[in-house]
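Residue-level structure breakdown
Spelled out from the first residue to the last, the chains are:
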Amino acid sequence: MNITIRTAIKNDCERILELINELAVYEKAPEEVTVTLNEFIDAGFGEKPVWKAFVATEYSSLEEKELIIGFALFYTRYSTWKGCRLYLEDFLVTDEARGKGIGKLLFDRLVEEAKEKKFNGIAWQVLDWNEPAIHFYNKYKAHIEGGWLNASFSKVQTHQY
């Protein structure tokens, strides 16, 4: 296997969005992905980009091109308790490529990015039933905490209380 980890470029967005949809299916929430390709591209490569990603690629001699087989999408998060942190939004290696060390290569690149930027750490979420992911993160001695509930709403509107 000839794997390369590199920074995502605009032309990668369609494939990354395909992988985001694959992740949503795995997490039993495919209907939750509502971002369009144009919105996704603009958020990463428009006038005010808010995310960055690393992709894991493998060269396919059969197709004579580079194939994206994994990605890690992240952004800067500010914690009033901890300061600047890298926030890992999505992390996926395709089914066919799992178990070959590709996730480690991607995650190690994230750690390197956080160090380069002198961030105070990396934060992310993992579903409590996702045992393979929890096992992977435990290899990094990650602190996986309970007790917090996620809160959000869509379509920001004026609410009356």
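Anyway, here's the lowdown on the structure attached to this text. (Residues numbered from 1 in each chain as written. Predicted model: local features only at pLDDT ≥ 70, side-chain atom pairs only at ≥ 80, totals over all residues. Heavy atoms only, no water.)

For the rest of this paragraph, the subject is the pattern of salt bridges. Per the counting criterion, the structure on display carries 10 salt bridges. For D12, the salt bridge goes to R6, with nearest N and O atoms at 2.7 Å. Between E113 and K52 there is a salt bridge; the shortest N-O distance is 3.0 Å. Of this pair, E113 sits in helix α3 (residues 102-116) while K52 sits in strand β2 (residues 52-60); the two residues are 61 residues apart in sequence, bridging distant segments of the chain. Look at K52 and you get partly exposed, because its relative accessible area is 29%. Salt bridges sharing partners connect three or more residues here, namely K52, R109, E112, E113, E116 and K117. (Salt bridge = Lys/Arg side-chain N within 4 Å of Asp/Glu carboxyl O. Helix = DSSP H or I, 4+ residues; strand = E, 2+ residues; numbered from the N terminus. Buried < 20%, exposed > 50% of the residue type's maximum accessible area, 1.4 Å probe, protein only.)

This next bit is on the side chain of E113. Taking the relative accessible area as the measure of exposure, E113 reaches 2% and is therefore buried. In terms of polar contacts, E113 uses its side chain to reach the side chain of K52, at 3.0 Å. Among residues more than four places away in sequence, those in contact with E113 are K52, F54, F74 and L86. (Polar contact = N/O pair within 3.5 Å; in protein donor to acceptor, adjacent residues only side chain to side chain. Contact = heavy atoms within 4.5 Å.)

A word on the nonpolar core. Among the nonpolar cores identified, the biggest contains 21 residues, and L86, L88, F91, L106, F107, L110 and Y137 are the most heavily contacted of them. Counting residues per element, the ones that place at least two in this core are β2, β3 (65-79), β4 (83-93), α3 and α4 (131-139). With five residues, α3 is the largest single contributor of residues to this core. Leaving out residues up to four positions away in the same chain, L110 has contacts with F54, A72, F74, L86, L88 and I122. Counting residues in each nonpolar core, the second largest holds 16 residues, with I16, I20, F40 and W51 among its members. (Core = buried A, V, L, I, M, F, W, Y, C linked by side-chain atoms within 4.5 Å.)

Let's shift gears to the sheet that holds strand β1 (residues 3-7). The strands that make up a sheet pair up through hydrogen bonds in the backbone, lying either parallel or antiparallel. Taken in spatial order, the five strands of this open sheet run β1-β2-β3-β4-β5, and their pairing is mixed. The sheet is open, and its two borders are formed by β1 and β5 (122-124), each paired with just one other strand. Neighbour-to-neighbour, the strand axes of the sheet open up by a mean angle of 30°, direction not taken into account. Of the pairings in the sheet, the one linking β1 to β2 comprises five bridges and is antiparallel in character. Paired with R6 across the bridge in β2 is V55. (Pairing = 2+ DSSP bridges. Axes fitted to C-alpha atoms, helices over the stretch in contact; angles between N-to-C directions.)

The topology assignment puts R98 in the loop between β4 and α3. Judged by its relative accessible area of 35%, R98 is partly exposed. Remark: the alpha-carbon pair of R98 and I69, spanning 29 residues in sequence, is separated by 9.3 Å. Here R98 is in contact with L92 and V93, once residues within four sequence places are set aside. A polar contact of 2.4 Å, which involves the side chain of R98, links it to the side chain of D95.

So, about helix α2 (residues 37-45). Restricting attention to buried positions, one finds in α2 the residues F40, I41 and G44. Mapping the buried residues of α2 onto a view down its axis gives an arc of 95°, with all of them on the same face. Looking at the buried residues of α2, the elements they touch are α1 (13-26) and β3. (Arc of directions from axis to C-beta.)

This part takes up the packing of α1 against α2. Angle between the axes and distance between the axes are the two parameters that describe a pair of packed helices. Interaxial distance between α1 and α2 falls to 10 Å at its minimum, and their mutual angle equals 115°. Comparing their axes, α2 and α1 come out roughly perpendicular. Regarding α1 and α2, the two cross each other, and that crossing is right-handed. Here C13, E14, I16, L17 and I20 of α1 lie close against α2, whose contacting residues are L37, F40, I41 and F45. Residue composition of the contact of α1 with α2, grouped by class: eight nonpolar, no polar and one charged. (Parallel < 35°, antiparallel > 145°, perpendicular 65-115°, else oblique. Left-handed = near helix turned anticlockwise from the far one by under 90°. Nonpolar A, V, L, I, M, F, W, Y, C, P; charged D, E, K, R; others polar.)

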